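# Per-entry structural report
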Amino acid sequence: MLPRRRLITAAPVLVAAMAGLAGAARAADPWPDIKEALFGHRPIADGGAVIALDAPERALDAAVVPMTIRALLPQTEARWIKTVHLVIDENPAPLAAVFHLSPASGSATIETRVRVNSYTHVHAVAETSDGRLHGVSRFVKAAGGCSAPALKDADEAMARLGRMKLRTHTPFTPGEAMTAQLLISHPNYTGLQIDQLSRNWIPPDYVRSILVRYGEREILKVEADISLSEDPSITFSFVPEAEGRLSVAVEDSSERHFEEAWPIGPGS
Amino acid sequence: MRLLLAAFGLLAMAGPPAMAQALAVEEVAPGVFVHQGVHEEFTAANEGAIANLAFVVGQDAVAVIDSGGSLRQGRRLREAVEAHTGLPVRWVIATHAHPDHLFGHAAFAGDGVRFAGHQRLPREVASKGPLYLDNMTRLLGAASAGTELVAPDVTVPVGAPLEIDLGGRVLRLQAWPTAHTAADLTALDLESGTLFAGDLLFMERLPVVDGSLTGWLDVMAELAALPAERVVPGHGPAQAAWPEALAPQRAYLKALRDSVREAIEQGMPLGRAAEEIPLPAGQSWLLGDENHPRNVIASYTELEWE
């Protein structure tokens, strides 16, 4: 736990470093250090049989880069993908998100949108229920995603802060996996953006955790950081055994809480 | 390489402004002059001159509408003004915050010159300007030398047009709700019936959505009712008939809206939508290959909240 926090709280330090030392020579491949901070000396096997990472070779918009971590094995009680770490090596806070999944997810495939600050390797590391680590990576060409100005007007962003939307993409069939997209309205300020009026750095203010439940069952927990895009979007799966309610609890770095729930049934 | 560029930069800055070669302009109506931009991205060769720039000559003063993509372009536009009139430039109007339209502003700075723009232009310039300046410096190299950000000192709120008098000739400046960008402004020359639309109208070159797709379509419906005979688009020919000139852009934006809405409805994810939604059939646009997928992303992240 401690090393992970270190990676995340390193962000302000790096912000200062970037503000003061823009253009300084880039260090060597950061992945070995990141890997050690996150996973110690545990071996990470080639994860090509467990997950695939879909990311554009060249991002069209560095502030909204779609990424999909595709699970290549089903979530069963016997063996499932427990967590997925998504790491954008060259970003100021490299750990973009940790997704905690369960057999109730049905599928561990997760799709989200991230900011990419410079040409970088992106790593996805899955931990299966047997405690093994499986890694895959992609190289993404993009730049400026963390300092890109907010897409929305600041007043408008604050006015709809915390609003959520759920879209289900598959019909409701009891016992079968359903796919849903969760959208959370949040400016997800990185701390690397400039305030439009004062010309000061906008302090970081971002979605830190997302908890998705179906009834009482935990489906998905996301620990997130500044690399998720403005208005975070997470597409995930869950298995409704019967009609029920999907509920989401969000907490941001300013300790605001947002909750929302949607009925799931034949009509959804 | 860096040293070499720096040396060129010094040479460029050392060159006296008077040596700038006047931009070619065309008189589209009496006293209304337009420089037609090229349909290219920013390059060192075009010095940022990719947007249409204009000036209007009254009996006492001149108003410049958009100043170009670099200080050098602004100086060349100023040369063009001075080649056609001895009257002073009193107004420099920015149609929005994009660098190809207002990075020449500094060439006109001086006593008695007012810089006008949308009420939201100062914050657009403050938040996005530094990024635009970095990009432009990278793309233009020495050709960008001396370019700086100039914020407007006269701002126009949405719903409250401002009329400026050039001496027997009135320009009506009108600010619009978020459309192409969050700070679009038009100028209407009441005497000649010429509407300077800025990038609220793209012709020939693919429109770029950097504000709100649905907002833009709404604003276009209002624009169409303006009493103009001709329009000077932000990109495209020096002039076109009004409001017929709106048709191709309207067709593109509507097709974009409909195809993105359909993709969202079908659950097609953002990345796939950007890759797979093609340019609308039967429409021909320049510079569409990169800009269309970007428009799909901008539209998708807007429309998915509907």
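Cut-offs used in this document
Residues numbered from 1 in each chain as written. Chains lettered and ligands numbered in written order. Predicted model: local features only at pLDDT ≥ 70, side-chain atom pairs only at ≥ 80, totals over all residues. Heavy atoms only, no water. UniProt positions renumbered as here; feature names shortened; annotations may be inferred. Pairing = 2+ DSSP bridges. Helix = DSSP H or I, 4+ residues; strand = E, 2+ residues; numbered from the N terminus. Contact = heavy atoms within 4.5 Å. Axes fitted to C-alpha atoms, helices over the stretch in contact; angles between N-to-C directions. pLDDT = per-residue confidence, 0-100. Buried < 20%, exposed > 50% of the residue type's maximum accessible area, 1.4 Å probe, protein only. Phe/Tyr/Trp six-rings, centres within 6.5 Å; stacked < 30°, edge-to-face > 60°. Parallel < 35°, antiparallel > 145°, perpendicular 65-115°, else oblique. Left-handed = near helix turned anticlockwise from the far one by under 90°. Nonpolar A, V, L, I, M, F, W, Y, C, P; charged D, E, K, R; others polar. Expected span 1.5 Å × (residues − 1). Bend = angle between axes of the 7 residues up to and from the residue.

- Looking at an unreviewed UniProt entry, chain B carries the name Quinoprotein relay system zinc metallohydrolase 2, with the source organism given as Marinimicrococcus flavescens.
- Of chain B, the UniProt comment under Sequence similarities (unreviewed entry) reads exactly: "Belongs to the metallo-beta-lactamase superfamily. Class-B beta-lactamase family."

- By the naming in an unreviewed UniProt entry, chain A is Quinoprotein dehydrogenase-associated SoxYZ-like carrier, taken from Marinimicrococcus flavescens.

### Here's the deal with the sheet that holds strand E8 (residues 162–165) of chain B
Residues and elements named next belong to chain B.
- Reading across from one edge, E8-E9-E10-E11-E12-E13 is the order of the six strands in this open sheet, with mixed pairing throughout. With one partner strand each, in any of the chains shown, E8 and strand E13 (240–241) form the two edges of the open sheet.
- Direction of pairing for E8 relative to strand E9 (residues 170–175): antiparallel, over a ladder of four bridges. Along E9, the bridge assignment pairs Ile164 with Leu171.
- Helix H5 (residues 213–223) contacts strand E10 (185–189) and strand E11 (194–202) of the sheet and is inclined by roughly 165° relative to E11.

### Focus on the confidence of the model for chain A
- Per-residue confidence for chain A averages 88 on the pLDDT scale, and 87% of its residues sit at or above 70.
- Counting contacts from residues 1–25 of chain A, a segment whose pLDDT is below 50, to residues more than four positions away or on other chains yields 25 contacts.

### Description of the pairing of strand E10 (residues 178–184) of chain A
All names here are of chain A.
- For E10, the tally of buried residues reaches six of seven residues, placing the bulk of the element in the interior.
- Sheet topology places strand E9 (residues 164–168) next to E10; five bridges connect them, and they run antiparallel. Residue pairing across strands places Met164 opposite Ile184, the latter belonging to E10.
- The sheet contact formed by E10 and strand E13 (residues 233–238) spans six bridges and is antiparallel. If you follow Gln181 over to E13, its bridge partner there is Thr235.

### Here we look at the UniProt feature "domain: Metallo-beta-lactamase" (unreviewed entry) in chain B
- Here, UniProt's "domain: Metallo-beta-lactamase" (unreviewed entry) annotation points to residues 50–235 of chain B.
- For residues 50–235 of chain B, the helix share is 26%, the strand share is 28%, and the end-to-end C-alpha distance is 8 Å.

### A short note on the environment of Gly135 of chain A
All names here are of chain A.
- Of note, Gly135 is situated in strand E8 (residues 133–140).
- Separated by 120 residues in the primary sequence, Gly135 and Glu255 have C-alpha atoms spaced 32 Å apart.
- In contact with Gly135, not counting residues within four places along its chain, are Ile44, Ala45, Asp46, Gly47, Ala124 and Val125.

### Regarding the packing of aromatic side chains
- By the definition in use, this model includes six aromatic pairs over all chains.
- Between Tyr119 of chain A and Phe139 of chain A the ring centres are 6.4 Å apart and the planes differ by 80°, which places this aromatic pair in the edge-to-face class. With a gap of 20 residues between them, Tyr119 of chain A in the loop between strand E6 (110–114) and strand E7 (120–128) and Phe139 of chain A in strand E8 connect regions that are remote in the sequence.
- Overall, the relative accessible area of 39% leaves Tyr119 of chain A in the partly exposed class.
- A ring pair is formed by Tyr252 of chain B and Trp285 of chain B, whose centres lie 5.9 Å apart and whose planes are at 65°; its orientation type is edge-to-face. Here the residue Tyr252 of chain B occupies a position in helix H6 (residues 247–265), and Trp285 of chain B occupies one in the loop between helix H7 (270–276) and helix H8 (288–303), the gap between them amounting to 33 residues.

### Some points on the packing of H6 of chain B against H8 of chain B
Residue and element names in this part refer to chain B.
- One way to put it is that H6 packs onto H8 with a least axis distance of 9 Å and a crossing angle of 60°. Between H6 and H8, the interaxial angle falls into the category oblique. For the element pair H6 and H8, the recorded crossing hand is right-handed. From H6, Tyr252, Leu256, Arg257, Val260, Arg261 and Ile264 reach across to H8, where they touch His292, Asn295, Val296, Ser299, Tyr300 and Leu303.
- Taken together, the residues that form the contact of H6 with H8 break down as seven nonpolar, three polar and two charged.

### A look at helix H4 (residues 121–140) of chain B
- An ideal rise of 1.5 Å per residue puts 28 Å on 20 residues; H4 of chain B reaches only 24 Å between its terminal C-alpha atoms.
- The largest bend along H4 of chain B reaches roughly 50° and is located at Lys128 of chain B, with the proline Pro130 of chain B sitting one to four residues downstream.
- Elements in contact with the buried residues of H4 of chain B: helix H3 (154–159) of chain A together with helix H3 (99–102) and strand E6 (114–118) of chain B.
- Of the residues trailing H4 of chain B, Gly141 of chain B is marked for its positive phi of about 60°.

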